[in-house]
Amino acid sequence: MSIDFNKGEGLVPVIIQDFQSLEVLMLGYMNEEAFAKTEAEGKVTFYSRSKNRLWTKGEESGNFLYVKNIAIDCDQDTILIKADPVGPTCHTGSRSCFSSEYNQNFIFKLEQIIADRYANPQESSYVNRLREKGLNKIAQKVGEEGVETVIAALNETEFDFINESSDLVFHLLVLLREKNVSLEQIAKNLESRHK
């Protein structure tokens, strides 16, 4: 990657985005040394302007940002890193340094939670109990929730419709996981059909 570190007197801005939810987590700066260390170790390292040194995010808290993807903008003077955050990103304890009322991309986080339930089954987990019943039951639940969503849309309150729609989306996510299909695959398919 050819990054133009000269424009910003040796520093370029780095946007950190959650690789799963795509939520923007923070902004930092890197010099060439920080970028090289990030690439080599797979953990985001910034150049701290206040500390005047390299600083690996999480070096004290343990809340590391593990690199999933690195992209450079068209002017080659800004870096976008999609990362897997361990714990909250912000020093305040928030998931993001940009205060938002809710995670607008929570559906991707929910996909990740369901995948975790598959990888680490918990006896008390609804996902685990549903999974144990098998594909037929999971698919049946999607059908049931679809019908309940239609009924709510036609005959019930907005609140009921939102609840039934949420149930439908949740069970569809479980079915997608059962079939090893990701939201990314669905999004790519929808995008290709839109063209």
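Cut-offs applied
- Residues numbered from 1 in each chain as written.
- Predicted model: local features only at pLDDT ≥ 70, side-chain atom pairs only at ≥ 80, totals over all residues.
- Heavy atoms only, no water.
- Domains from an automatic or database assignment.
- Contact = heavy atoms within 4.5 Å.
- Buried area = accessible area lost by both parts, 1.4 Å probe.
- Phe/Tyr/Trp six-rings, centres within 6.5 Å; stacked < 30°, edge-to-face > 60°.
- Lys NZ or Arg CZ within 6 Å of the ring centre and 35° of its normal.
- Helix = DSSP H or I, 4+ residues; strand = E, 2+ residues; numbered from the N terminus.
- Polar contact = N/O pair within 3.5 Å; in protein donor to acceptor, adjacent residues only side chain to side chain.

**Student:** I'd like to hear about the domain arrangement of the protein chain, residue by residue, with values.
**Tutor:** Per the domain assignment, the segments making up the protein chain are domain 1 (6-85) and domain 2 (106-193). When each unit is reduced to the centre of its C-alpha atoms, the spacing between domain 1 and domain 2 is 34 Å. If you look at the interface, domain 1 gives four residues, while domain 2 gives four residues. When the two sides are added together, the surface that domain 1 and domain 2 hide from each other amounts to roughly 350 Å², 51% of it contributed by carbon and sulfur.

**Student:** Before we move on, could you go through the packing of aromatic side chains and cite the residues and values that matter?
**Tutor:** The final tally for this structure, using the stated rule, is three aromatic pairs. Ring geometry for F46 against W55: centres 5.7 Å apart, planes inclined by 25°, an arrangement best described as stacked. One Lys or Arg, K43, reaches over the ring of F64 and ends 4.2 Å from the middle of that ring.

**Student:** Lay out the side chain of Q20 in plain terms, naming residues and giving numbers.
**Tutor:** Mapped onto the secondary structure, Q20 falls in the loop between β1 (12-18) and β2 (24-30). A distance of 3.3 Å separates the side chain of Q20 from the backbone oxygen of F108, its partner in a polar contact. At 2.9 Å, the side chain of Q20 and the side chain of E111 are in polar contact. Setting aside residues up to four positions removed in sequence, Q20 forms contacts with F108, K109, E111 and Q112.

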